[in-house]
Amino acid sequence: MENILEISGLSKKFRSNYALKDISLSLYRGEILGLVGANGSGKTTLMNILSGNPLIRETGGFTGTIKLNGKIISPANPSDSLKLGIGMVYQEFALIPSFTAPENIMSGKEIRLRPVTSLPGLSVPLIDRKKNISKAESILSSIGVTGIDPRVPVTEFNVSTRQFIEFARVINSKTLKLLILDEPTAVLGRDESKRLIDEVRRIADKGITVIFISHRLEEVLSLCHRIAVLRDGILESVFAASDTSAEEIARCMLGGIHDRAIKTHSHTSPGNCDYFRIKNLNSGSGGECLKNFSLNVSKGEIIGITGQSGQGQMLLGKAVMGLIPSDGEININDEKILPGDTESLFRSGFYYIPEERRRDGLLPENSVAENILFTTISTKHAFTSRSGLLNTVKIHEAARKYIYDLSIKCTGIKQKVCELSGGNQQKVILSRALSLKPEIMMIFEPTRGIDIGAKEMILNMLIEMNREMQTTIIIVSSELDELMRVCDRIAVLYEGSIFSVLTPELPEEIFIHAFTGRAL
Amino acid sequence: MRRFNPAPLFFALLSIIAFYYSDMSALFVANEVIIRIIRNSLLVFALIIPVTAGMGLNFSIIIGAMAAQAGWIFMLDLQVPGILGIAGAALSGIFISVICGYIIGSYLNRVKGREMIATIIIGILGAGIYQFIFLVGYGTFIPAHNSELLLSRGAGIRDMVDLAPYRNIIDRLWLVDIGGIQLPFFMFTVVAAAAIAVKLILLTPAGQRFRAVGSDRGSAELSGINTDRTRIQAMIISTVLACLGQIIFLQNIGMVNVYTAHMNSDIFSCAALLAGGATIKEAKIRHALLGIVLFHSLYIVTPQAGQNIFSNAVLGEYFRSFIAYGSIAIALIINIRHERGKQ
Amino acid sequence: MIKRYLPPLPQIIIIVFIIILLGLAIKIDIPASSLINDLFIRLILNCVLVISLIPMVNSGAGLNFGLPIGAVAGLLGMVMTAQFGGKGLTGFILSIAVSIPFAVVSGAVYGRMLNRVKGREEIAATFTGFSIVSIMCLFWVVAPFTHPQMIWVLGRSGLRNTIGLRGFWEKSLYNLLQFKAGDIIIPAGSLLFIGIILLCLYFFSRTRTGMMMNAAGENESFARINGVDIAKIRKLSVIMSTVLASAGTCIYAQQYGFIELYSAPLMAAFPAISALLLGGSSGKRVFLRHALLGVILYQSLYLLSLPVANMLLVPEMAEIIRMIVTSFIILYALAKKSEERGDV
């Protein structure tokens, strides 16, 4: 068996972060490789490199070599990749909304009228509409899709039909050597998924190599020859499908649960069991979404929300705050609040600390003092003198106190926060939360990108906030061991809604199964 | 579900009311409208492909118009008469338009999402460079062969140059008179040919690329289309068409107002296109033709109507400027809101 | 490190241009005092118009291509004051006061419209401005003004294209607290007035609302998450910019000596925007010093090119230079902003 694709020593850096580190992998002709791993694991980056996403070149290119059929390749844009024979079925679909199904499927490969039937004297390459429609229909029927109206724009079809049209678009290529499928079954029901998978198998039998990305481990096991697991940019393992199990793969993906620490935090009986409720929150579409997400939080508890990447966590806070369109209901102390009604959320004492610290959590060019006290000034009208001007003296005083209490390392209250380290930036954000004294706080990935020492301090701060100010805290994080130490309960998110709510004493197996959507 | 566009109806209503009050003869108006169809068609057609390619209203067709004027001036300067002169003007204009279209398209690829405001400013920049060449350059660092074109001070082209050597050559070719209405069939053929050309372009794979980029640039890029190159192609075609349109426009008028002939050609063309029922995202030939008829009939009758109703002709003139700007403003606001609604 | 202190490309080009022109001006013996006097006058003419752009830029509402809307409010204030015979400094102050309510109302509507067209504010604002200017043309013709100095006398009805302010409040601010230092006229009153406006803006940025407004422009998602009603604060910034634009128009007319109606305000936005961009703010936030530097550079270029063009080249050259410079700066800034936003 010859190797179609040879990747060796592939690395990709974004600024100073390694998204991919020294990946080496070979695929033979007709092989179906399953690729699993969290969203931060480098999967997307690897696909972007192979499919020629210009972002890669714009951010400094990659190191290492990729060989297709023995020749070194480096596609600079999707057009290059296509010419090389690499076809990618995108999770978000690359369908042109106003085009019909045939127009999308035949895009770039339209059948033209033969010169004799176009205008005499001019060899204008007019498109032969009829032939294109019939060709498209034959491709669709070969993958089991019939009855598609060829005159209607694709936006009129439901999402699973569009998935198949997207699939047809990519396989409509005589030069296809490598087919990459990004979560192709995410929007499909069970029967449709099976149909698609059978089709992929048939394509591989014809000699086309396939990379199949999915978080549904059963599918990956049944379809693929081998399964590659990526974690934190490194290729952890490559399993032969026949030799492994979903357990083993899940364990490899999640890295196991090291340092099973004893829960160091406990508190007395929780208060009102339905203090904070999210009911049927729906948001997002296609790739990552929230589907009828519901959760009940007790007053004064610390509850964690976790799961594989891409199951909807990133959308939760934005959906509640109305930063992305969503519908559903939020209840705080029996007061009904709609997502996006930030005024009511603030009034009820809710505060959201987003995942992207620099982008959404700070004013980078402003001082430490301004960043710490911003929200207290804006929502509680604090530090404002009678004339309307801000009382700079008092603001500085308060800021200095927080810097001292939390040991924020900075040259002073006037330093710009963009100059601080990640850990100190997070402390600034938490100081802001402290100054607000929120009733309930939703914080995302509190320890991401922070060194070990600071991580402990942040976690302790959260525990203290809960103990001293009775703040109810919701921590959304991928660091399961941290959650085990700090939380009273841990909810596992799968495919957009809560799969189960567990407690830290439960055995590891239950967590691993919950992460991959299987109940024990 | 195609949304019903009330614009043509609105313009038709206004035109009818204004026509009634203007007391102008229907014959006169009809003849004037025919002339304006001949004069303005290609300029409005030039807007169609950029709209289809998702670049919005291309206000920089004014650059194509200036290229045409440059072409005429070159021919007058070299004193090339007759049909040869017309061809020469067109060819030199097209040459300049291709280059300008390429430059403009490349620039617009750097300001994606803000093409419309960019094309307005590009128009101002172009006008400045144009004035520099013709008001300052000719006679100073550009050798002038025909001193009659120059201002009395010896440098710079005059405000108005006559196109006498080219008048009535193609203009009134194959003229047919039906009950007082004059129909120049050669020019109709030219307009029809241009319309067919635009339609044909859109039926080719290139046309599909324009449509794809206009529908969803991101997806088009992912599916392998070189969106940057496609957009540049759209601008080149647009500028060339505008140039040809202005060549026809000027030879029909019979003279060139060197520094003002191109003014507002972009605004009026866009307004006409919108009046015909086009939107920022979709424009077809039929919108263009209907729009020219509606917009220009309104344009012809409002001054007289203003005179008759308010004893003030100037009101009619201001009114039609307002209609032009206002229709573009409303089209922009409605379209952008609609776009946001879909997101 | 060096990148932070290097001024943007347009600024460098313009400064080089100015130096060349200065050299030429000195060569053809143009007296320095007349240049300085001219500069003061041009500063007074244009300063507040450029400053009017600041609130909107800082709140994230973008460059105010709809500046003509504020200009029209100013014109309304002025013609009404003139109709009732306003004179001297009182007349000038009244013209601003009367235009404020118009500016507030139109700013509120304009602001609401801008909130609905996020992403393409510039083009929508441009044509809204054009439309309002052109509909006001109709108003100037039919409005029942009767003051003999304002209306056409024979045959035509309506207000004149330009209304001379001699006998009203021409240069009333310019003449206030004016003193001479040699050949140089220093219009202290005008500078003080403008200084007060600058001071007000400065104190505003030190209030809670000002802080929230700057945050909205600095980082929209942060602001939204931390209690700022983006739509409301942006609308407020639009009202502020419109009011300042109307005041700026009144100051301009007072200095120039004429109220320019009809299609005069159409292109008012572009030179002001260009001047602001020339002042070169490196980040998202624009400070008062950027605006001032920008006006000085932009106007210096213009005032130096006029006499030099007259003497050496074609007189129209000055206007051509201005057209090219103005549009080039805006195009450069548009491309730069798109690059920073990652739109390309």
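Cut-off values and rules
Residues numbered from 1 in each chain as written. Chains lettered and ligands numbered in written order. Predicted model: local features only at pLDDT ≥ 70, side-chain atom pairs only at ≥ 80, totals over all residues. Heavy atoms only, no water. Contact = heavy atoms within 4.5 Å. Buried area = accessible area lost by both parts, 1.4 Å probe. Salt bridge = Lys/Arg side-chain N within 4 Å of Asp/Glu carboxyl O. Polar contact = N/O pair within 3.5 Å; in protein donor to acceptor, adjacent residues only side chain to side chain. Helix = DSSP H or I, 4+ residues; strand = E, 2+ residues; numbered from the N terminus. Nonpolar A, V, L, I, M, F, W, Y, C, P; charged D, E, K, R; others polar. Patch = residues over 30% accessible without salt bridge, like charges linked within 9 Å, V, L, I, M, F, W, Y side chains within 5 Å. Areas by Shrake-Rupley, 256 points an atom, 1.4 Å probe, with all protein chains shown as cover. Lys, Arg positive; Asp, Glu negative; His and termini not counted. Charge placed at Lys NZ, Arg CZ, Asp CG, Glu CD. Buried < 20%, exposed > 50% of the residue type's maximum accessible area, 1.4 Å probe, protein only. Pairing = 2+ DSSP bridges. Axes fitted to C-alpha atoms, helices over the stretch in contact; angles between N-to-C directions. Parallel < 35°, antiparallel > 145°, perpendicular 65-115°, else oblique. Left-handed = near helix turned anticlockwise from the far one by under 90°. Phe/Tyr/Trp six-rings, centres within 6.5 Å; stacked < 30°, edge-to-face > 60°. Lys NZ or Arg CZ within 6 Å of the ring centre and 35° of its normal.

(A) Quick peek at the interface of chain C and chain B. Contact residues are listed per partner, giving 47 residues for chain C and 43 residues for chain B. Here chain C and chain B share an interface that buries about 4,200 Å² over both sides, 72% of which is from carbon and sulfur atoms. On the chain C side of the contact with chain B, R120, F127 and L331 of chain C bury the most area, a combined 17% of that side's loss. The interface formed by chain C and chain B holds one salt bridge in total. Here chain C is connected to chain B by five residue pairs in polar contact (both at pLDDT 80 or more). Only α6 (88–116), α7 (121–142) and α15 (317–341) of chain C provide two or more residues apiece to the side of chain C that touches chain B. Looking at the side of chain C that touches chain B residue by residue, the classes come out as 29 nonpolar, nine polar and nine charged.

(B) Examining a positive patch on the surface more closely. Where like charges cluster on the molecular surface, the positive patch consists of K83 and R112 of chain A together with R209 and R229 of chain B. Relative to the assigned elements, R229 of chain B resides in helix α10 (residues 227–253). A residue is classified by how much of its surface remains accessible, and R229 of chain B, at 53% relative accessible area, is exposed.

(C) Structural view of the interface of chain C and chain A. Listed by partner, the interface residues are 17 residues for chain C and 30 residues for chain A. In total, about 2,000 Å² of surface goes out of reach between chain C and chain A, with carbon and sulfur atoms giving 62% of it. Contact with chain A buries area across many residues of chain C, yet R208, F222 and I225 of chain C alone supply 35% of it, more than any other trio. At the junction of chain C and chain A, the tally comes to 11 residue pairs in polar contact (both at pLDDT 80 or more). Among the secondary structure elements, those contributing two or more residues to the side of chain C that touches chain A are α10 (208–218) and α11 (220–225) of chain C. In terms of residues, the side of chain C that touches chain A owes the most to one element, α10 of chain C, which gives five residues. For the side of chain C that touches chain A, the per-class residue count stands at seven nonpolar, five polar and five charged.

(D) Inspection of the side chain of T472 of chain A at higher detail. Residue and element names in this part refer to chain A. With respect to the helices, strands and loops of the structure, T472 is situated in strand β18 (residues 472–476). Taking the relative accessible area as the measure of exposure, T472 reaches 0% and is therefore buried. Engagement of the side chain of T472 in a polar contact is seen with the backbone nitrogen of G300, the distance being 2.9 Å. Once residues within four sequence positions are removed from consideration, T472 is found in contact with Y275, V297, S298, K299, G300, E301, E439, I440 and M441.

(E) The arrangement of the sheet that holds strand β15 (residues 335–337) of chain A in detail. All names here are of chain A. The strand order across the open sheet formed by four strands is β12-β11-β14-β15, and the pairing between neighbours is antiparallel. Because the sheet does not close on itself, it has two edges, and the strands there are β12 (289–297) and β15. Going from strand to strand, the sheet's axes swing by 15° on average, the running direction of each strand aside. Inspection of the sheet shows strand β14 (residues 326–332) paired to β15 by three bridges, in the antiparallel sense. Bridged to N331 within β15 is K336. Helix α10 (residues 313–321) contacts β11 (276–284), β12 and β14 of the sheet and is inclined by roughly 105° relative to β11.

(F) A look at the packing of helix α2 (residues 26–45) of chain B against helix α12 (residues 285–310) of chain B. Residue and element names in this part refer to chain B. At a minimum axis separation of 9 Å, α2 and α12 run at an interaxial angle of 135°. Compared by their axis directions, α2 and α12 come out oblique. The handedness of the crossing between α2 and α12 is right-handed. Across the interface between the two elements, V29, E32, V33, R36, I37, N40, S41, V44 and F45 of α2 pack against I285, A288, L289, I292, V293, H296, S297, Y299, I300 and V301 of α12.

(G) Inspection of the packing of aromatic side chains at higher detail. By the definition in use, this model includes 27 aromatic pairs over all chains. Pairing Y325 of chain B with F130 of chain C gives two aromatic rings, centres 5.1 Å apart and planes at 50°, and the pair type is tilted. Within this pair, whereas Y325 of chain B is found in helix α13 (residues 313–342), its partner F130 of chain C is found in helix α7, the two belonging to separate chains. Neither Y325 of chain B nor F130 of chain C differs from the other in exposure class; each is buried. Aromatic pair F127 of chain C and F130 of chain C: ring centres 5.4 Å apart, planes at 80°, arrangement edge-to-face. Separated by three residues within a single helix, F127 of chain C and F130 of chain C lie in helix α7, roughly one turn from each other. Every member of this aromatic cluster is reached through a ring pair, and the members are F10, F11, F268, F295 and Y299 of chain B. The ring centre of F249 of chain B lies 5.8 Å from the NZ or CZ of R39 of chain B, which sits over that ring.

(H) Broad picture of the sheet that holds strand β9 (residues 226–231) of chain A. Residue and element names in this part refer to chain A. In space, the six strands of this open sheet follow the order β6-β7-β8-β3-β9-β10, with mixed pairing throughout. Edge positions in the sheet fall to β6 (86–89) and β10 (234–240), since each of these pairs with one other strand and no more. Direction aside, neighbouring strands of the sheet carry axes that sit 20° apart on average. Inspection of the sheet shows strand β7 (residues 178–182) paired to strand β8 (residues 209–213) by five bridges, in the parallel sense. Bridge pairing in β8 places L181 opposite F212. Those strands touched by helix α9 (residues 246–254) are β3 (32–36), β9 and β10, and its axis lies near 25° from that of β9.

(I) Examining a nonpolar patch on the surface more closely. Residues and elements named next belong to chain B. Among the surface-exposed residues, L13, I17, Y20, Y21, I309 and F310 lie close enough to one another that they form a single nonpolar patch of about 670 Å² accessible area. Within the residue set of the nonpolar patch, elements represented by two or more residues are α1 (7–22) and α12. Take Y21: it is sitting in helix α1.

(J) The arrangement of the environment of G423 of chain A in detail. Residue and element names in this part refer to chain A. Mapped onto the elements of the fold, G423 is located in helix α15 (residues 422–436). As a C-alpha pair, G423 and P354 span 69 residues in sequence and 15 Å in three-dimensional space. For G423, the residues in contact, after removing those within four places along its chain, are I450, A454 and I458.

(K) View of the pattern of salt bridges. All names here are of chain A. If you walk through the whole model with that rule in mind, you get 33 salt bridges over all chains. Linking K279 and E329 is a salt bridge whose minimum nitrogen-to-oxygen distance equals 3.4 Å. One end of the pair, K279, is in strand β11; the other, E329, is in strand β14, with 50 residues separating them in the sequence. Since its relative accessible area comes to 33%, K279 is described here as partly exposed.

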